[in-house]
Structure formats: C-alpha cells, structure tokens
Amino acid sequence: MTELTMSGVVKSFGRTPVLRGVDLRVPAGGITAILGPSGCGKSTLLRLIAGFADPDSGTITFGGRTAFADGRSIPPQRRRVGYVPQEGALFPHRTVAENITFGLTRHARRAGHRLTELLDLVGLDHELASRYPHELSGGQQQRVALARALAPAPAVVLLDEPFSALDAGLREGTRRAVLSALRAAGATAVLVTHDQAEALSLADEVAVMRAGRLVQLAAPATLYRLPRDADVARFVGEAV
Ligand code: ADP
Ligand code: MG
C-alpha cells in the first residue's frame, strides 16, 4: 500500500527553482530515505510534505487522500505527520515529559501511561522525564524529539538529518534507538540525509535526489547493482 505520493511537485523561491518536478511514492511502513547533497532541496521537500509550505504546482496525497492539489492545501495539523527537525527541536524551558506530551490532548496527557510507553519506545530512562533538554546529551535530545513526533501516532514521521548534529560517538547508538523505535511503532518514515552510508544501511527504499529532482528510487541493493546513471553510481559508491 502506498502511504504518501508526490507528483510533479514544483517549488521556487523567488526566481530560483528548488524542486523541479518531484515524483515520489512512499510505501506504508518502513523507512524511505531521501538522499542527496547539501542544497539539493531535501528539507524543502520535507516541509512541503508536512504542509509548512505549499508547492507552486503538483499534488501530494496521504493514504489516497489529497493533501495538496490546485492551490488547495490541508493544514499541517490535519495531515497526521510527525516532524523531527535537524536540531533545536525541543522547547528549552519545558521538561522532557512536557516536550513529549505537548501534542497530546489534556486527557491523554493526564493518563500518563502514554508518556512511559513513549519513553520505553525510544529507549529513554523514566528518570529523565523531569529533566530539561540542556541536561541531556544530544542523542537523548533526539530521542525525545522522536518521542514527541510519535506521541499522537502519526501516519508518517518525517526526520530531517536527525543524526548529523551528533558527534560520532553518539551517532551509532542513537541511530539504533531511533530505528528500533520506528520499527516498533510500525511507522512510515521519511528520513532525509546527505550521508550515503546512513541511507543505504537504514532505509528500505532510497530516493536519490539531485538538483531538485528525484533521479532514482530503489532498494539499497538495487542502487548498488543497477544505478540509473554514472552520477548515481559515483554518488552511491562514495559510501564504501
Ligand atoms: P537541503 O536540505 O537539501 O540542503 P534545502 O531544501 O534546504 O536543501 O534548500 C534548497 C535550496 O533552496 C537552497 O539553495 C536554499 O538556499 C534554498 N532555500 C531553501 N529555503 C528557502 C527559503 N525559505 N527562501 C529562499 N531560499 C530557500
Ligand atoms: Mg536540509
């Protein structure tokens, strides 16, 4: 089943075209990586999916329902997406518990069990619930950001370079925790990265992006064996 589609999506800032006609299909469940060099339009793509900005033209659908078409747009809060920005995701003056339950109804927040469920899901010690973001490591902060994004049980989770601000020592453990949380939640995830090795090792499907276009969408093994052109072969090959 297809969870998310984009077709013919075009976006410019002023006169600068950033997305030049993107076609994307994200299957339900599993992780799709958007892989491309800095500046190719990855974050813009993610923001259009979230509904923080709208395409100039093209269509976006979730679960077969139109989210954007012909200038008509469903607002972000009704798209059932969770969003994990690159860094600085957390409210600094709120505790971990308050950050995680921010998007929940008052009723669900009071119930409390959703908080412990989410802490367990992302592998965070319950004792951290009363701490503030600055008292956590970067990896722990990213797990809190993921827990917050997963709290309302979104249909799709969007992650923008979630590990790139972490130093190498924290990156591997955080990757593993995030990956297992996404799998356990059964979420459909779209993960943006400029890191070839990360995309190829984490994702079920990799969409290779270049200068505002998706040039190939395939499973990691297929990208290795059957790269669409020499550029893709070279770019993917840099991972090894
Ligand atoms: P990536 O995430 O792949 O590094 P971005 O989507 O952030 O790329 O940016 C792609 C291009 O669009 C860049 O040239 C960037 O400067 C430009 N851009 C992104 N957002 C804006 C904006 N709000 N206004 C003007 N230009 C933007
Ligand atoms: Mg970016």
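Residues numbered from 1 in each chain as written. Chains lettered and ligands numbered in written order. Predicted model: local features only at pLDDT ≥ 70, side-chain atom pairs only at ≥ 80, totals over all residues.

Colleague: Can you lay out the overall build of the protein chain for me, pointing to particular residues and giving the numbers?
Modeller: Along its length, the protein chain carries nine helices and eleven strands. Expected size for 240 residues packed as a compact globule is a radius of gyration near 18 Å; at 18 Å, the protein chain falls within 12% of this value. Considered along the principal axes of its C-alpha atoms, the protein chain spans approximately 50 × 45 × 35 Å. A total of 240 residues make up the protein chain; the buried ones form 40% of that total. (Helix = DSSP H or I, 4+ residues; strand = E, 2+ residues; numbered from the N terminus. Rg over C-alpha atoms; globule rule 2.2 N^0.38 Å. Buried ≥ 20, exposed ≤ 12 C-beta atoms within 10 Å, placed from the backbone.)

Colleague: Quick rundown of the sheet that holds strand β6 (residues 72–73)? Include the residues and the values.
Modeller: With antiparallel pairing, the five strands of this open sheet are ordered in space as β2-β1-β4-β5-β6. In this open sheet, the two strands that pair with only one neighbour each are β2 (16–27) and β6. (Pairing = 2+ DSSP bridges.)

Colleague: Go over the confidence of the model for the protein chain, please, and point to the residues and values.
Modeller: On average, residues of the protein chain score 92 in pLDDT, and 98% of them are at 70 or above. Among the prediction metrics, the complex's ipTM stands at 0.97, with pTM recorded as 0.93. (pLDDT = per-residue confidence, 0-100.)

Colleague: Outline the sheet that holds strand β10 (residues 205–210), supporting the account with residue identities and numerical values.
Modeller: Paired through their backbone hydrogen bonds, the strands of a sheet run either parallel or antiparallel. As summarised here, the arrangement of the six strands in space is β7-β8-β9-β3-β10-β11, forming an open sheet in which the pairing is mixed. Both edges of this open sheet fall to β7 (81–84) and β11 (213–218), since each of them pairs with a single strand only. Averaged over all adjacent pairs, the angle separating strand axes in this sheet is 20°, with direction ignored. With four bridges joining them, β7 and strand β8 (residues 156–160) adopt parallel strand pairing. Each residue of the ladder has a partner; that of Y83, found in β8, is L158. The strands touched by helix α5 (residues 138–150) are β7 and β8; relative to β7, the strand with the most contacts, the crossing angle is about 165°. (Axes fitted to C-alpha atoms, helices over the stretch in contact; angles between N-to-C directions. Contact = placed C-beta atoms within 7 Å.)

Colleague: Describe the nonpolar core, and please don't skip the residues or the numbers.
Modeller: Membership of the largest hydrophobic core comes to 64 residues, with the highest contact counts inside it found for A33 and L158. The greatest single-element share of this core, amounting to six residues, is contributed by α5. Those residues within four positions of A33 in sequence are excluded, and the remaining contacts are L191, T193, A199, L202, A203, V206 and A207. (Core = buried A, V, L, I, M, F, W, Y, C linked by C-beta atoms within 7 Å.)

Colleague: Quick rundown of unusual backbone geometry? Include the residues and the values.
Modeller: Not every positive phi belongs to a glycine, and A153 is a case in point at roughly 50°. Its place among the elements puts A153 in the loop between α5 and β8. One non-glycine residue, A211, lies in the positive phi region at around 45°. On the secondary structure map, A211 appears in the loop between β10 and β11.

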